[in-house]
Amino acid sequence: MNGCNPTSITILGATGSIGLSTLDVIARHPERFTVFALTAYQQIDRLAELCIRFQPVYAVVASATQASVLQVQLQAAAVATEVLFGEQALCDVAQASETDAVMAAIVGAAGLKPALAAAKAGKIIYLANKETLVVAGALFMQTVQQNGARLLPVDSEHNAIFQALPADYQGDLKQAGVASLILTASGGPFLHTALADFAAITPEAAIRHPNWQMGRKISVDSASMMNKGLELIEARWLFNATAKQLEVVIHPQSVIHSMVRYIDGSVLAQMGEPDMRIPIAHCLGLPARIESGVKQLDFTRLSGLNFLAPDLVRFPCLKLAYDVLHSGHAASSCILNAANEIAVDAFLNGLIRFTDLASVSDSCLQHFSGQSASSIEELLLLDAQVRSIARTWVASRAAT
Ligand code: NAD
Ligand code: MG
């Protein structure tokens with residue numbers, strides 16, 4: 001809250017898993033928050049319901065046709081929300097002077113431009129869209145700093161680390177006495193599946209995550225552990241960490257959401273139920289703690305807390321991300337992200353196998369090795385080129 005005024009929030013990707021969890025938290029605190037804009041890509045009926053409930057000033061959809069369908073529905077319900085459409089409209093609502101804060105919860109690189117617009121306008125950014133940092137980490141962090149924006153991590157691991165770091169952390173882990181940041185990973189649904197069965201894994205099985213309810217793309221990424229790989233790169237930028245300062249440990253219960261290891265041997269962990277409303281409420285409430293609607297953790301009901309090292313043979317996507325992280329090559333993480341987005345989409349559509357996910361990314365990384373890109377234009381061009389090569393890979397696989 002800025003003074004006594006409620007925070008006016010734009011939610012990019014309002015109809016998704018994070019968007020809905022955000023609105024659930026907001027609805028518990030009507031005195032603290034107002035909704036400025038809600039955006040969606042496909043689920044127009046769901047967006048209509050949300051507009052009727054939260055009465056935003058603007059709603060943004062993808063196309064003119066969707067916009068007129070939604071506008072008619074809202075007029076029939078006597079809701080005054082103005083409907084806009086297209087990529088520029090996403091940027092417009094993210095940077096509007098009337099909005100204080102932006103929840104960046106679009107999935108994939110499609111979320112980059114509006115998140116960047118919010119950063120340029122110096123907004124408070126609640127960042128769920130990790131792909132923004134994977135595609136353009138250096139540029140995004142620089143834009144945040146130059147424009148006085150405030151970046152708060154929503155991703156549960158990064159939010160946990162943020163909570164376990166000193167409150168005045170200024171971007172120097174060594175100075176803060178930190179030895180390393182430990183990202184926990186559930187290991188997903190295939191942690192113990194026989195490797196011989198991996199090729200037959202179906203999309204339905206891959207999106208059935210044991211602990212978290214999430215969108216389809218991140219669910220597949222969790223099953224392949226590409227998600228943890230993307231999160232390593234996300235952590236690298238958020239906390240100014242080197243590859244050596246980042247660890248991954250598998251913790252199947254997802255009770256510890258991540259940890260900070262200090263040089264004196266202390267390890268600080270943030271724990272809770274696996275429910276994204278916890279990190280969302282933490283970001284939205286800062287500096288206060290606010291109710292999230294999540295039940296308290298009952299330690300007496302926990303079966304135990306287990307930990308194991310990730311197996312990079314079982315999870316080659318994590319290995320690829322490690323290699324990209326260690327290379328320190330900015331264009332490589334853009335390549336990895338674009339190839340992975342095409343691969344996941346193809347897998348969800350039954351065009352390639354689960355075991356092909358890593359192959360698509362690997363072959364794109366090889367195809368574009370040595371390529372460099374640093375401006376937003378160069379990164380978006382590279383992103384488009386990688387998608388094209390990845391689609392060719394998918395088409396050739398689908399034809400066999
Ligand atoms: P989701 O698929 O449930 O929702 C995605 C949202 O983005 C929807 O509102 C959709 O309409 C919108 N969208 C999709 N494509 C778009 C496009 N091309 N242009 C504009 N809008 C588009 O996804 P989610 O699980 O809510 O994840 C959102 C982001 O948050 C992802 O980057 C994900 O990695 C991150 N995240 C999610 C979780 C989780 O628990 N779901 C946890 C941590 C981080
Ligand atoms: Mg996460």
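Conventions we followed
Residues numbered from 1 in each chain as written. Chains lettered and ligands numbered in written order. Predicted model: local features only at pLDDT ≥ 70, side-chain atom pairs only at ≥ 80, totals over all residues. Heavy atoms only, no water. Helix = DSSP H or I, 4+ residues; strand = E, 2+ residues; numbered from the N terminus. Rg over C-alpha atoms; globule rule 2.2 N^0.38 Å. Buried < 20%, exposed > 50% of the residue type's maximum accessible area, 1.4 Å probe, protein only. Contact = heavy atoms within 4.5 Å. Lys, Arg positive; Asp, Glu negative; His and termini not counted. Charge placed at Lys NZ, Arg CZ, Asp CG, Glu CD. 1 Å grid on protein atoms, 1.4 Å probe; cavity = no way out; pocket = protein on both sides within 12 Å on 5 of 7 lines; lining within 4 Å. Points joined across faces, edges and corners; volume = space filled by probe spheres on them. Nonpolar A, V, L, I, M, F, W, Y, C, P; charged D, E, K, R; others polar. Donors = N, O, S within 2.8 Å, 3.2 Å for Na, K, Ca; no water. Salt bridge = Lys/Arg side-chain N within 4 Å of Asp/Glu carboxyl O. Pairing = 2+ DSSP bridges. Axes fitted to C-alpha atoms, helices over the stretch in contact; angles between N-to-C directions. Right-handed = clockwise from strand over helix to strand, strands pointing away.

Our next topic: the overall build of the protein chain. In terms of regular secondary structure, the protein chain is built from 15 helices and eleven strands. Against the globule reference of 21 Å for 400 residues, the protein chain gives a C-alpha radius of gyration of 21 Å, in line with a compact fold. In terms of overall dimensions, the protein chain has C-alpha extents of about 55 × 55 × 45 Å along its principal axes. By the burial criterion, 56% of the 400 residues in the protein chain qualify as buried. Taking the contacts inside the protein chain whose residues are at least 6 apart along the sequence as the reference set, 69% of them involve residues at least 24 apart. Taking the average place of the 27 positive charges on the side chains of the protein chain and the average place of its 34 negative ones, the gap between the two points comes to 3 Å.

Before going further, it helps to examine the layout of surface pockets. Considered as a void within the structure, the second largest pocket measures approximately 690 Å³ in volume. Of all the elements in the fold, those that place two or more residues in the lining of the second largest pocket are helix H6 (131-146), strand E7 (150-153), helix H7 (156-164) and helix H10 (226-238). For the lining of the second largest pocket, the element with the most residues is E7, which contributes four residues. A per-class count over the lining of the second largest pocket returns 15 nonpolar, six polar and four charged.

Let us now look at the coordination of the magnesium ion (ligand 2). Distances from the magnesium ion (ligand 2) to its protein donors, namely Asp155 (OD), Glu157 (OE) and Glu231 (OE), fall within the range 2.1 to 2.2 Å. One chain supplies every donor to the magnesium ion (ligand 2), and in sequence these donors are spaced D-x1-E-x73-E. With a gap of 74 residues between them, Glu157 in helix H7 and Glu231 in helix H10 connect regions that are remote in the sequence. Of the residues examined, Glu231 reaches a relative accessible area of 1% and is grouped as buried.

Taken as a whole and judged by the stated rule, the model has 16 salt bridges. The partner of Asp24 in a salt bridge is Arg28, with the nearest N and O atoms 2.9 Å apart. For Asp24, a relative accessible area of 28% puts it in the partly exposed group. For Arg387, the salt bridge identified is with Glu341, shortest N-O distance 3.2 Å. Of this pair, Arg387 sits in helix H15 (residues 376-399) while Glu341 is found in helix H13 (residues 330-348), placing the two residues 46 residues apart along the sequence. The residues Arg387 and Glu341 share a single accessibility class, namely buried. The network of salt bridges with common partners includes Lys130, Asp155, Glu157, Lys228 and Glu231.

With that out of the way, let us pick up the environment of Ala223. Assignment of secondary structure puts Ala223 in helix H9 (residues 216-224). What makes Ala223 buried here is its relative accessible area of 0%. Taking C-alpha positions, Ala223 is 25 Å from Gly328, a pair spaced 105 residues apart along the chain. Not counting residues up to four positions away in its chain, the partners in contact with Ala223 are Pro189, Phe190, Ala206, Phe315 and Phe354.

The next subject is the sheet that holds strand E3 (residues 58-61). Two pairing modes exist for strands in a sheet, parallel and antiparallel, and in both the strands are linked by backbone hydrogen bonds. Pairing is parallel in the open sheet, where seven strands are placed in the order E4-E3-E2-E1-E5-E6-E7. On the outer flanks of this sheet lie strand E4 (82-85) and E7, each paired with one strand and no other. Each neighbouring strand pair of the sheet contributes to a mean axis angle of 25°, computed without reference to strand direction. Strand direction decides the pairing type here: strand E1 (residues 7-12) and strand E2 (residues 33-39), joined by five bridges, are parallel. By the bridge assignment for E2, Ser8 is matched with Thr34. Helix H4 (residues 87-95) contacts E1, E2, E3, E4 and strand E5 (101-104) of the sheet and is inclined by roughly 160° relative to E1.

Of the two faces of E5, the one holding Ala101 and Met103 and the one holding Val102 and Ala104 are both buried throughout. As judged from the four bridges shared by E1 and E5, these two strands associate in the parallel manner. Among the inter-strand pairings, Thr10 is bridged to a residue of E5, identified as Val102. Pairing of E5 with strand E6 (residues 124-127) involves four bridges; the strand directions are parallel. Looking at E6, one finds that Ala104 is bridged to Leu127. Read from E5 through helix H5 (residues 112-120) to E6, the crossover connection turns out right-handed.

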